[in-house]
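Notes for the structure review
Residue strings, one per chain:
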Amino acid sequence: MSSGKTGSKIKGYIEIDQELCKGCQICIAFCPKDVISLSDKLNSSGYLPVLFNDSGECTGCAICAVVCPEVAIEVYRG
Ligand code: SF4
Ligand code: SF4
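Notes on the structure in this doc start here. (Residues numbered from 1 in each chain as written. Chains lettered and ligands numbered in written order. Predicted model: local features only at pLDDT ≥ 70, side-chain atom pairs only at ≥ 80, totals over all residues.)

**Side note on the site of ligand 2**
Near ligand 2 lie 14 residues; those nearest to it are Cys21, Cys24, Cys27, Cys68 and Glu70. Looking at the shell around ligand 2 residue by residue, the class counts come to 10 nonpolar, two polar and two charged. (Near = placed C-beta within 6 Å. Nonpolar A, V, L, I, M, F, W, Y, C, P; charged D, E, K, R; others polar.)

**Points about the site of ligand 1**
The environment of ligand 1 is formed by 15 residues, the closest being Cys31, Cys58, Cys61, Ile63 and Cys64. Of all the secondary-structure elements, those providing two or more residues to the shell around ligand 1 are strand S1 (12-16) and helix H2 (63-67). Residues that form the shell around ligand 1 fall into these classes: 11 nonpolar, three polar and one charged. (Helix = DSSP H or I, 4+ residues; strand = E, 2+ residues; numbered from the N terminus.)

**A closer look at the environment of Ile36**
Positionally, Ile36 belongs in strand S2 (residues 36-38). Expressed as a C-alpha distance, the spacing of Ile36 and Val50, which sit 14 residues apart in the sequence, is 6.5 Å. Residues within four places of Ile36 in sequence aside, it is in contact with Cys27, Ile28, Cys31, Val50, Phe52 and Cys64. (Contact = placed C-beta atoms within 7 Å.)

**Details of unusual backbone geometry**
The backbone phi angle of Ala62 is positive, close to 75 degrees, even though this residue is not glycine. Looking at the element boundaries, Ala62 is found in the loop between strand S3 (50-52) and H2. The class for Ala62 is partly exposed, based on 15 C-beta atoms found within 10 Å. (Buried ≥ 20, exposed ≤ 12 C-beta atoms within 10 Å, placed from the backbone.)

Laid out in C-alpha cells, this is it:
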C-alpha cells in the first residue's frame with residue numbers, strides 16, 4: 001500500500017566511489033548538511049576517501065557532486 005508522500009522534506013542519498021575519490025575534502029566543506037566525513041582507510045591509490053553518513057539529513061541537493069573534481073559522487077533523490 002502506498003502512503004502517497006506529500007514530500008515536505010526531500011530526502012536524498014549519495015554514493016561515493018572510494019577508488020575515484022582523492023580525499024580533497026571539498027565535498028565536506030560544501031555539504032550544507034554535514035553528512036560527509038573522512039574515512040580512516042586508504043584506497044588503493046593511497047588516498048583517504050570520504051564516506052557518506054546517512055543520518056537522514058541529506059536533501060539530494062547535489063552540491064557535493066557538482067564540486068567534486070573527480071566526479072566520484074552520485075546523487076539520488078526520493
Ligand atoms: S547531496 Fe547535498 S546534502 Fe546530500 S551529501 Fe551532497 S551536498 Fe550534502
Ligand atoms: S570532492 Fe570528490 S574527490 Fe574530493 S573528497 Fe569529495 S568525493 Fe573525494
